[in-house]
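Examination of the molecular architecture
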Amino acid sequence: AMAAGLERPQVVSHAQQALSYTLFDCKWVPRSARLLCLGSAARGSGLLQLYELRGGRLVLLREIEKAKPLKCGTFGATSLQQRYFATGDFGGNLNIWNLEAPEIPVYSVKGHKEIINSIDGVGGLGIGEGAPEIVTGSRDGTVKVWDPRQKDTPVANMEPVQGESKRDCWTVAFGNAYNQEERVVCAGYDNGDIKLFDLKTMSLRWETNIKNGVCSVEFDRKDVNMNKLVATSLEGKFHVFDMRTQHPTKGFASVSEKAQKSTIWQVRHLPQNRDIFMTSGGAGSLHLWKYEYPAQRSKKDSEGAEMGVAGSVSLLQNVTLSTQPISSLDWSPDKKGLCVCGAFDQTVRVLIVTKLNKV
């Protein structure tokens, strides 16, 4: 048992920085040793900070203050040359920033009536075929897809149908962007609804309910034929859906895991291995998981229709870093095992996860 323990990945704290504001999101700047932190200052404005990792220290390079608190950000719709950063704020605004000249956004739209809770991008950074697009999910109940080359109007708007009560959208993610035509958006809501919107056919492709507020959804890869989707919830459970086979009535097969008693705020897949992912929890902990595929991923039901078969999940490692929730998490796209997380103890932490090639 000990020998096996020695081979397990370890989560090592590499650098940390105390902040003077509430941190909502943190992201690695692609192809750099830099990261961005964003959030809400005590006086109600928004802050964006750019740090550089130098040895075991985080050095502040730039601090930018904005009118509204910043909730979420993504580089996903930009080129590696530009590395423009898109943010969603408490006023419902979607802004895109050139970090070299961040005074005025290069793109700005009042996207939603209320706070933008979640944002994702695809088609940039060499990830995902097709147009560069940004998806935003808001407390106003709508999910909108934007092409920064098109001013003011979203290219898609998923909102409650007439008479349907509006639900707070907490999380959005792109997937299936493996050619010029295909693309989906997955959205999770406060009542446990998960909806899969097909942007090619502009229709609702699938929906389910996990009976608990959906805090985070992520495909294991955005730019492949849909493979797996993880959804995390308010009460410590997460679900892994096998997205390869959609049964006409049963939808997608899934396996669920109770990680802990507290909320699972985020899930992030390792960029270099899509079967490894990390979840961050309300008790200040991180859990590193591995998905194991079943011997056969699909089988025929009694009517002869294909249905998926879920695999299993095993815990590789867990660590408690804080007494407060870890609300944001991002793997470095460039350096395997390098990770940044932000917690409500107003601290940003850079971690190194070792031995990831052994699992």
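Below you will find a few notes about this structure.

Cut-offs and rules
- Chains are numbered independently. Their residues run from 1 in the order of the written sequence.
- For a predicted model such as this one, the threshold for reporting local features is a pLDDT of at least 70, and the threshold for listing and counting side-chain atom pairs is 80 or more; totals across whole chains, interfaces and linings nevertheless cover every residue.
- Excluding hydrogens and water, the side-chain values take into account all heavy atoms of the structure.
- In this scheme, strands are said to pair when DSSP sees at least two bridges between them.
- Helix and strand definitions here come from DSSP, where helices need a minimum of 4 consecutive H or I residues and strands a minimum of 2 consecutive E residues; each element is numbered from the N-terminal end.
- Angles shown run from 0 to 180 degrees and are taken between the N-to-C directions of axes, each axis being a line fitted to C-alpha atoms and, for helices, limited to the stretch in contact.
- Cavities and pockets were defined on a 1 Å grid built over protein atoms only: a cavity is a set of grid points that admits a 1.4 Å probe from which the probe cannot escape, a pocket is an open set flanked by protein on both sides within 12 Å along at least five of seven lines, and lining residues are those with an atom within 4 Å of any such point.
- Grid points are joined across faces, edges and corners, and a volume is the space filled by probe spheres set on the points.
- Amino acids outside the nonpolar list (Ala, Val, Leu, Ile, Met, Phe, Trp, Tyr, Cys, Pro) and the charged list (Asp, Glu, Lys, Arg) are all regarded as polar, and Gly is one of them.
- Accessible area is worked out with a 1.4 Å probe on protein chains only. A residue is then buried under 20% of its type maximum, exposed over 50%, and partly exposed in between.
- Whenever Lys or Arg places a side-chain nitrogen within 4 Å of a carboxyl oxygen from Asp or Glu, that contact is recorded as a salt bridge.

What follows concerns the sheet that holds strand β28 (residues 326-331). Read across the sheet, four strands follow the order β1-β30-β29-β28 without closing on themselves; strand pairing throughout is antiparallel. On the outer flanks of this sheet lie β1 (11-18) and β28, each paired with one strand and no other. For this sheet, the mean angle separating the axes of adjacent strands, direction not counted, is 20°. Bridge count for β1 against strand β30 (residues 347-353) is seven bridges, and the pairing is antiparallel. Following the sheet pairing, Gln-17 is matched in β30 by Val-348.

Turning our eyes to something else, we now look at the sheet that holds strand β21 (residues 254-258). With respect to topology, four strands assemble into an open sheet ordered β18-β19-β20-β21, the strand pairing being antiparallel. If you trace the sheet from one side to the other, it starts and ends with β18 (214-219) and β21, each paired once. For this sheet, the mean angle separating the axes of adjacent strands, direction not counted, is 15°. In the sheet, strand β20 (residues 237-242) pairs with β21 via five bridges, with the strands oriented antiparallel. Residue pairing in the sheet places Phe-241 in a bridge with Ser-254 of β21.

Below, the discussion takes up the layout of surface pockets. Taken as a whole, the second largest pocket spans an internal volume of roughly 300 Å³. Glu-159, Pro-160, Glu-164, Lys-195 and Phe-197 are the residues nearest the centre of the second largest pocket, which is lined by 18 residues in total. Secondary structure elements with two or more residues in the lining of the second largest pocket: β16 (193-198) and β17 (203-209). Among the elements that make up the lining of the second largest pocket, the one with the highest residue count is β16 (four residues). A class-by-class count of the residues in the lining of the second largest pocket yields eight nonpolar, three polar and seven charged.

The next thing to look at is the pairing of strand β15 (residues 184-189). Within a regular beta strand, the side chains point alternately toward one face of the sheet and then the other, so they alternate between its two faces. In terms of residue burial, β15 counts as a mostly covered element, since six of its six residues are buried. Both faces of β15 are covered, namely the face carrying Val-184, Cys-186 and Gly-188 and the face carrying Val-185, Ala-187 and Tyr-189. Where strand β14 (residues 169-175) lies against β15, six bridges are found, and the strand directions are antiparallel. Bridging across to β15, Ala-173 finds its partner in Cys-186. With five bridges connecting them, β15 and β16 associate as antiparallel partners. Within the sheet, the bridge partner assigned to Ala-187 lies in β16 and is Lys-195.

Tallied over the full model, the rule gives 21 salt bridges. One salt bridge connects Glu-7 with Lys-358, and the closest N-O pair in it is separated by 3.7 Å. One end of the pair, Glu-7, is in helix α1 (residues 2-7); the other, Lys-358, is in the segment after β30, with 351 residues separating them in the sequence. Put simply, Asp-242 and Arg-297 hold a salt bridge, and the shortest N to O gap is 2.9 Å. Of this pair, Asp-242 sits in strand β20 while Arg-297 sits in the loop between β24 (285-292) and β25 (298-300); the two residues are 55 residues apart in sequence, bridging distant segments of the chain. Taken together, the salt bridges that share partners define one network made up of Arg-34, Glu-52 and Arg-54.

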